[in-house]
Amino acid sequence: MSTVLVADDQALLRAGLRMLIDSAPDLAAVGEAATGREAVELADRLRPDLVLMDVRMPDLDGIKATELIRTDPATAAVKVVMLTTFDLDEYVYAALRAGASGFLLKDTRPGDLLAALRVVADGQALLAPSITMRLIEEFAKREPAGVPGALAARLAQVSAREREVLVLVARGLTNPRIAERLGLGLATVKTHIRSLLAKLDVHDRAQLVIAAYESGVVTAGSAPVADLGEGG
């Protein structure tokens, strides 16, 4: 059973989301937050598996709340899925950089929302096929030149094969497609990804993608994005 904290400033939407989550046998809503600060406080007190976090909230916006949750050792294991009204929104990229595991549009179908929460609860990043990769490529173009020193040092630990896997992750290929492309077993691909997460000191697939762009391993527009998905 995965527990979910719902954070949104609209009471009606919170109630609807809570009812939807509680309708699933493997999910349970454990609390509601009306502001970003309340979301941070409840995440610390309730320690849910997931927070479904609105981007725009009073007192403290969802991005800053996500950053506080993800950087606090007490709540670092809490995964955050952002809710947004806009499919091309700079806030979403900022949220991924703050530590969110993905995002959903507010008009997402109920069944798809529940499936998305399960994906993130299972430890995967929610990379929406038509939106998230497009966002990452778009905003990666705006990053300043130069690889951060700490990231460069971590990247030096990555093997040639792991770098190949990282490139394909950043281009949006799922694990099965990466295995097919490189002639590897699926278990081997998963092992390489776990190693990349550890070596690059990131917590999920979304952060791997961002690290790949920020380090210059992949550059925006360098190759077509295809086979986008959560990455099994």
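Here, the structure is the one placed above.
Residues numbered from 1 in each chain as written. Predicted model: local features only at pLDDT ≥ 70, side-chain atom pairs only at ≥ 80, totals over all residues. Heavy atoms only, no water.

A.B. asks: Is there a simple way to think about the environment of Leu 200 in this case?
C.D. replies: Along the chain, Leu 200 turns up in helix 10 (residues 186-200). A residue is classified by how much of its surface remains accessible, and Leu 200, at 2% relative accessible area, is buried. It is 8.2 Å that separates the C-alpha atoms of Leu 200 and Val 158, two residues lying 42 residues apart in sequence. Ignoring sequence-local partners within four residues, the contact set of Leu 200 consists of Leu 151, Arg 154, Leu 155, Val 158, Leu 166, Leu 208 and Ala 211. (Helix = DSSP H or I, 4+ residues; strand = E, 2+ residues; numbered from the N terminus. Buried < 20%, exposed > 50% of the residue type's maximum accessible area, 1.4 Å probe, protein only. Contact = heavy atoms within 4.5 Å.)

A.B. asks: Would you mind going over the pattern of salt bridges with me for this structure?
C.D. replies: It is possible for side chains bearing opposite charge to pair when their charged atoms get close. Here the structure, examined in full by the defined rule, presents 12 salt bridges. Linking Arg 18 and Glu 32 is a salt bridge whose minimum nitrogen-to-oxygen distance equals 3.5 Å. Of this pair, Arg 18 sits in helix 1 (residues 11-22) while Glu 32 sits in strand 2 (residues 27-33), and the two are 14 residues apart along the sequence. On the basis of relative accessible area, Glu 32 is assigned to the partly exposed category, the value being 27%. (Salt bridge = Lys/Arg side-chain N within 4 Å of Asp/Glu carboxyl O.)

A.B. asks: Please explain the packing of helix 10 against helix 11 (residues 205-214) as it appears in this structure.
C.D. replies: Relative to each other, helix 10 and helix 11 sit at 65°, their axes nearing to 10 Å. When the axes of helix 10 and helix 11 are compared, the crossing they make is left-handed. Note on element contacts: helix 11 touches helix 10 through Arg 205, Leu 208 and Ala 211, opposite Ile 193, Leu 196, Leu 197 and Leu 200. Looking at the contact of helix 10 with helix 11 residue by residue, the classes come out as 6 nonpolar, no polar and 1 charged. (Axes fitted to C-alpha atoms, helices over the stretch in contact; angles between N-to-C directions. Left-handed = near helix turned anticlockwise from the far one by under 90°. Nonpolar A, V, L, I, M, F, W, Y, C, P; charged D, E, K, R; others polar.)

A.B. asks: Would you take a moment to explain the sheet that holds strand 2 for this structure?
C.D. replies: Across a sheet, paired strands are connected by hydrogen bonds in the backbone, their directions being either parallel or antiparallel. The strand order across the open sheet formed by 5 strands is 2-1-3-4-5, and the pairing between neighbours is parallel. Here the strands that pair on one side only, and so sit at the sheet edges, are strand 2 and strand 5 (102-105). Mean inter-strand twist for the sheet, computed between neighbouring axes without regard to direction, equals 25°. Judged from the 6 bridges that link them, strand 1 (residues 2-7) and strand 2 form a sheet pairing that is parallel. Paired with Val 6 across the two strands is Glu 32, which belongs to strand 2. (Pairing = 2+ DSSP bridges.)

A.B. asks: What's the story with the nonpolar core in this structure? I'm lost.
C.D. replies: As a rule of thumb, soluble globular proteins bury nonpolar side chains together. The biggest cluster of nonpolar side chains holds 25 residues, and the ones touching the most others in it are Leu 166, Ile 178, Leu 200 and Leu 208. For this core, the elements supplying multiple residues, two or more each, are helix 7 (149-155), helix 8 (160-170), helix 9 (175-182), helix 10 and helix 11. Among residues more than four places away in sequence, those in contact with Ile 178 are Val 165, Leu 168, Val 169, Leu 173, Val 189 and Arg 205. Counting residues in hydrophobic clusters, the runner-up holds 22 residues, among them Leu 5, Ala 43, Met 57 and Ala 100. (Core = buried A, V, L, I, M, F, W, Y, C linked by side-chain atoms within 4.5 Å.)

A.B. asks: How should the side chain of Glu 162 be read in this particular structure?
C.D. replies: Relative to the helices and strands, Glu 162 resides in helix 8. In this view, Glu 162 contacts Gln 157, His 192, Ser 195, Leu 196 and Lys 199; residues no more than four positions away in its chain are not counted.

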